[in-house]
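Per-entry structural report
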Amino acid sequence: MDILNADLHCHSTISDGTLEPEAVAARAKANGVELWALTDHDEIGGQQRAMAAAHDLGLPYLTGTEISVTFAATTVHIVGLGFDADDAALAAGLAATRGGRRERAQQMAEGLAKVGIKGSFEGALQYVGNPELISRTHFARFLVESGVCRDTSEVFRKYLVEGKPGYVPHRWAALGDAVRWISDAGGIAVIAHPGRYKFTPTEEFALFSEFIEHGGRGVEVVTGSHSRADFVKYADTAREFDLLVSRGSDFHGPGESHTDLGTLPDFANELTPVWSALEERILR
Ligand code: AMP
Ligand code: MN
Ligand code: MN
Ligand code: MN
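As a convention, each chain's residues are numbered from 1 in the sequence order in which they are written. Following the order in which they are written, the chains are lettered starting with A and the ligands numbered starting with 1. Residue-level local features of this predicted model are given only where pLDDT is at least 70; pairs of side-chain atoms are given and counted only at 80 or more, and the full residue set underlies all totals for whole chains, interfaces and linings. As a rule here, side-chain values cover all heavy atoms of the structure and leave hydrogens and water aside.

**Some details on the overall build of the chain**
Check the secondary structure of the chain and you find 10 helices and 7 strands. Dimensions along the principal axes, computed over C-alpha positions, put the chain at roughly 55 × 45 × 40 Å. Note on contacts: a residue pair qualifies if any of its non-hydrogen atoms lie within 4.5 Å across the two residues. Here the contacts in the chain between residues at least 6 apart in sequence split such that 72% fall between residues at least 24 apart. Just so you have it, the chain exposes about 12100 Å², and 50% of that area is on carbon and sulfur atoms. Note that His is not counted, nor are the chain ends; the positive residues are Lys and Arg, and the negative ones are Asp and Glu. We put the charge of a Lys on NZ, of an Arg on CZ, of an Asp on CG and of a Glu on CD. Distance between charge centres in the chain, computed from 26 positive and 40 negative side chains, equals 7 Å. Only DSSP runs of H or I covering at least 4 residues are called helices, and only runs of E covering at least 2 are called strands; the numbering of each starts at the N terminus. Per-residue and other accessible areas follow the Shrake-Rupley method at a 1.4 Å probe size, with only the shown protein chains counted as cover for residues.

Below is the structure:
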């Protein structure tokens, strides 16, 4: 399998990105991406637009989503690639997963009001396409725009992570359910950015083992939030667990994401890329 400039993890206005699906497609193409997937959080409503835009640009496309999962009391993200975008069980599972976001957001706003930040629910909603998908990112944008913080990473650090006033714990999908929704729809489930979870080695081993038992087949090795050391570590993990490897910027928008579409380094070429197992699912 040739080395390919694949970018299989990014977001649009359908979830918490700032560009419309067509603009993400155009940016991917302009940046030299050769295989693209739009992976909005807990939603596949942008897939038809992404597919059509990719087709018009002559950009090979894999369907995508990024599912929020709770594992060992931690939020873990599972990327799904190459599934049937018309699959009803997948759509229902994603709808159930995003179901509690609105109530959670109202509780987040209550927590922020207690430290003097008023109106953040309504404020965050201004940045949301679909209110069902209101996320911490939209709160972060509101707090930056209203001058409470300088940038979104400061907002997360001071207000939106565990122990801070705007943090509300939430139960997302079960790992096995998320993996099965993707696999049963003909796709491949991939553990997103494993370097971001603060797991002990035992918990991380449990995550990978259980993920594989449920039918998961891939891991993101090269992604925007991974360090060089993470590239090496998770390449080793992929070998140890015999997993396919994936690559994606996790781009959310210009000026907000430090890694742009299509600008990631390659992984070591003895690894098997996830797209080699999805050849028939690539839309050209
Ligand atoms: P939620 O699904 O509502 O918990 O929001 C999670 C989203 O917040 C992620 O998908 C990222 O886009 C964003 N995010 C998480 N942590 C950070 C951070 N430290 N800095 C900036 N954005 C973050
Ligand atoms: Mn996000
Ligand atoms: Mn993620
Ligand atoms: Mn993401």
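Having seen the structure, we can now continue with the description.
**Re the coordination of the manganese ion (ligand 3)**
Coordination angles at a metal have ideal targets, namely 109.5 degrees for four tetrahedral donors and 90 or 180 degrees for six octahedral donors. Shown as donors are all N, O and S atoms within 2.8 Å of a metal ion, widened to 3.2 Å for Na, K and Ca; because water is not in the atom set, sites may appear incomplete. Protein ligation of the manganese ion (ligand 3) involves E66 (OE), H77 (ND1) and H193 (NE2), the donor distances falling in the range 2.1 to 2.2 Å. Along the chain, the residues that donate to the manganese ion (ligand 3) are spaced as E-x10-H-x115-H. If you look at the manganese ion (ligand 3) and the manganese ion (ligand 2), they sit 5.7 Å from each other. Of the two residues, E66 is situated in strand β3 (residues 64-71) and H193 in the loop between β5 (188-191) and α9 (201-213); the sequence distance between them amounts to 127 residues. Across the pair, exposure class does not vary: E66 and H193 are buried alike. Per-residue accessibility, obtained with a 1.4 Å probe over protein chains only, is compared with the maximum for each type, and a residue is labelled buried under 20%, exposed over 50%, and partly exposed between these values.

**Considering the layout of surface pockets**
Only protein atoms enter the calculation, which uses a 1 Å grid: trapped sets of points that fit a 1.4 Å probe without letting it out are cavities, open sets showing protein on both sides within 12 Å along at least five of seven lines are pockets, and any residue with an atom within 4 Å of a point is a lining residue. Grid points are joined across faces, edges and corners, and a volume is the space filled by probe spheres set on the points. Of the pockets and cavities examined, the largest pocket occupies roughly 1600 Å³. H77, R136, F156, V161 and R196 are the residues nearest the centre of the largest pocket, which is lined by 48 residues in total. Sorting the residues of the lining of the largest pocket by element identifies β3, β4 (74-81), α4 (101-114), α6 (136-145) and α7 (152-160) as the ones contributing at least two each. With 6 residues, α6 is the single largest residue contributor to the lining of the largest pocket. Each residue gets one of three labels, nonpolar for Ala, Val, Leu, Ile, Met, Phe, Trp, Tyr, Cys and Pro, charged for Asp, Glu, Lys and Arg, and polar for the others, Gly among them. Grouping the constituent residues of the lining of the largest pocket by class yields 11 nonpolar, 22 polar and 15 charged. Summarising the domain contributions, the lining of the largest pocket has at least three residues from each of domain 1 (6-98 + 171-281) and domain 2 (101-160). In this entry, domain limits derive from an automatic or database-based domain assignment.

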